[in-house]
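# Residue-level structural notes
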Amino acid sequence: MQLLPLAPDGVTPVRALTIAGTDSGGGAGIQADSRTMALCGVHACVAVAAVTVQNTLGVSGFHEIPPQIVADQVRTVVGDIGIGAAKTGMLASTAIIEAVAGVCREVGIGRDGDIPLVVDPVAASMHGDALLHAEALDAVRHTLIPLATVVTPNLDEVRLITGIDVVDDASARKAAEALIALGPRWAIVKGGHLRTSEQSTDLLFDGEVFHELPARRLSTGNDHGGGDTLAAAICCALAHGYSVPDAVAFAKEWTFHCLEASYDLGAGHGPVSPLWRLHLDRK
Ligand code: PLP
């Protein structure tokens, strides 16, 4: 696949920022984001919003970082290091979402700023463990998503956010329209969890044109962190100045390779892995 360029000046890589939760099992969240960014050749800055207690069997608890500290991490990184794009993942609560939205507007992150923002509206783990308080859904809808350059919900998150159950192409289009009505520049409705065909087709919509992005379906049983990986790879490509459709096309291919390279771990779901990138001679 066509990889992202490394440091434009031959020395200092492009930077990206993830604002998200940690995964003590190392598969998803900030660990997946930083790993993807590093292997895309992008320097990863991190603003920790929550610490999860997690292994391959599920999430057994989490601790929220004080909202001001989350916002301060963003402010201090943008002011000194400078970033090409940002991404949000698990933000846990209304208070954290409001603090993150406030600092993003302040420093120019988001659809109307200079720094593009990928919003992955993380609500629950694949085991159904909550990563977002139910009361925070309104803040996701009306405070976080309107800031997004691109929003990347999975089908469970689409249902929670829009009330639409995506079961086919027509309902996927209705859901994309409902997401765009909340105010992001672009919305993706991911088809990965719609297990009705050989293809895993994502729908990308900007309010005018539907772009269908097919990929071969690959079921490995080890797809923990897949959503984070896709959103982080989009963020990396945006940091390099790609358009949203080009960034999403890059990220889909990246994530497919990561799914191919996923591995068994613990007694539960293993992670998708960008470590294939260290074995380029095999590709
Ligand atoms: N833990 C954290 C901190 C996450 O951000 C996410 C997803 O974004 C998950 C767990 C769940 O990942 P998955 O649904 O791939 O299990």
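Predicted, not measured: the structure shown is a model, and the values here were computed from it. (Residues numbered from 1 in each chain as written. Predicted model: local features only at pLDDT ≥ 70, side-chain atom pairs only at ≥ 80, totals over all residues. Heavy atoms only, no water.)

### What about the overall build of the protein chain?
- Helix and strand counts for the protein chain come out as 8 helices and 9 strands.
- Relative to the 2.2 N^0.38 estimate, which gives 19 Å for 283 residues, the radius of gyration of the protein chain is 17 Å and therefore close to what a compact globule would have.
- Summarising its shape, the C-alpha atoms of the protein chain cover approximately 45 × 45 × 40 Å along the three principal directions.
- Buried residues in the protein chain amount to 55% of all 283 residues.
- The contacts in the protein chain between residues at least 6 apart in sequence include a share of 68% that link residues at least 24 apart.
- Element-wise, carbon and sulfur atoms account for 53% of the exposed surface of the protein chain, whose accessible area totals about 11,700 Å².
- One finds the centroid of the 19 positive side-chain charges in the protein chain at a distance of 3 Å from the centroid of its 32 negative side-chain charges. (Helix = DSSP H or I, 4+ residues; strand = E, 2+ residues; numbered from the N terminus. Rg over C-alpha atoms; globule rule 2.2 N^0.38 Å. Buried < 20%, exposed > 50% of the residue type's maximum accessible area, 1.4 Å probe, protein only. Contact = heavy atoms within 4.5 Å. Areas by Shrake-Rupley, 256 points an atom, 1.4 Å probe, with all protein chains shown as cover. Lys, Arg positive; Asp, Glu negative; His and termini not counted. Charge placed at Lys NZ, Arg CZ, Asp CG, Glu CD.)

### Observations concerning the site of the ligand
- Inspection of the region around the ligand gives 15 residues, with Gln 54, Val 122, His 224, Gly 225 and Asp 228 positioned closest.
- Note that an oxygen atom of the ligand is positioned 2.6 Å from one of the side-chain N or O atoms of His 224.
- Between the ligand and Gly 225, the relevant distance is 2.7 Å, taken from an oxygen atom to a main-chain nitrogen or oxygen of the residue.
- Considered on its own, the ligand offers 390 Å² of accessible surface; in the complex 92% of this is hidden by protein.
- At the level of secondary structure, the elements contributing two or more residues to the shell around the ligand comprise strand S1 (15–23) and strand S2 (43–55). (Near = heavy atom within 4 Å. Polar contact = N/O pair within 3.5 Å; in protein donor to acceptor, adjacent residues only side chain to side chain.)

### A closer look at the environment of Glu 212
- Along the chain, Glu 212 falls in strand S9 (residues 210–213).
- Judged by its relative accessible area of 43%, Glu 212 falls in the partly exposed class.
- Here the alpha-carbon distance between Glu 212 and Arg 173, two residues 39 residues apart in the chain, equals 10 Å.
- With residues up to four places along the chain from it excluded, the contact list for Glu 212 reads Asp 169, Arg 173, Thr 201, Asp 202 and Leu 203.
- A polar side-chain atom of Glu 212 sits 3.4 Å from a polar atom in the side chain of Arg 173.

### Regarding the sheet that holds strand S6 (residues 150–151)
- Reading across the sheet, the 9 strands line up as S3-S2-S1-S4-S5-S6-S7-S8-S9 and stay open at both edges, with mixed pairing between neighbours. Each edge of the sheet is formed by a strand with only one pairing partner; in this case those strands are strand S3 (58–64) and S9.
- Pairing geometry for strand S5 (residues 117–119) and S6, over 2 bridges, is parallel. Note on S6: the bridge partner recorded for Val 119 is Val 151. (Pairing = 2+ DSSP bridges.)

### Here's the deal with empty space enclosed by the protein
- Overall, the coordinates contain 2 cavities of 30 Å³ or more when judged by the stated rule.
- Of the volumes computed, that of the largest cavity is approximately 40 Å³.
- As for the largest cavity, its lining consists of Asp 23, Gly 25, Gly 26, Gly 27, Asn 55, Thr 56, His 224, Leu 265, His 269, Gly 270 and Pro 271.
- Grouping the amino acids of the lining of the largest cavity by side-chain chemistry returns 2 nonpolar, 8 polar and 1 charged.
- By volume, the second largest cavity amounts to about 30 Å³. (1 Å grid on protein atoms, 1.4 Å probe; cavity = no way out; pocket = protein on both sides within 12 Å on 5 of 7 lines; lining within 4 Å. Points joined across faces, edges and corners; volume = space filled by probe spheres on them. Nonpolar A, V, L, I, M, F, W, Y, C, P; charged D, E, K, R; others polar.)

### So, a nonpolar patch on the surface
- Among the surface-exposed residues, Tyr 263, Leu 265, Leu 275 and Leu 278 lie close enough to one another that they form a single nonpolar patch of about 340 Å² accessible area.
- For Leu 265, the position within the fold is in the segment after helix H8 (244–260). (Patch = residues over 30% accessible without salt bridge, like charges linked within 9 Å, V, L, I, M, F, W, Y side chains within 5 Å. Salt bridge = Lys/Arg side-chain N within 4 Å of Asp/Glu carboxyl O.)

### Quick look at the pattern of salt bridges
- Evaluated as defined, the whole model comprises 10 salt bridges.
- Residue Arg 75 is joined to Asp 72 by a salt bridge in which the shortest nitrogen-to-oxygen separation is 2.7 Å. In this pair, Arg 75 and Asp 72 both sit in helix H2 (residues 67–80), 3 residues apart, roughly one turn of the helix.
- Its relative accessible area of 30% is what places Arg 75 among the partly exposed residues.
- Counted as one network, the salt bridges with shared partners bring together Asp 72, Arg 75 and Glu 106.

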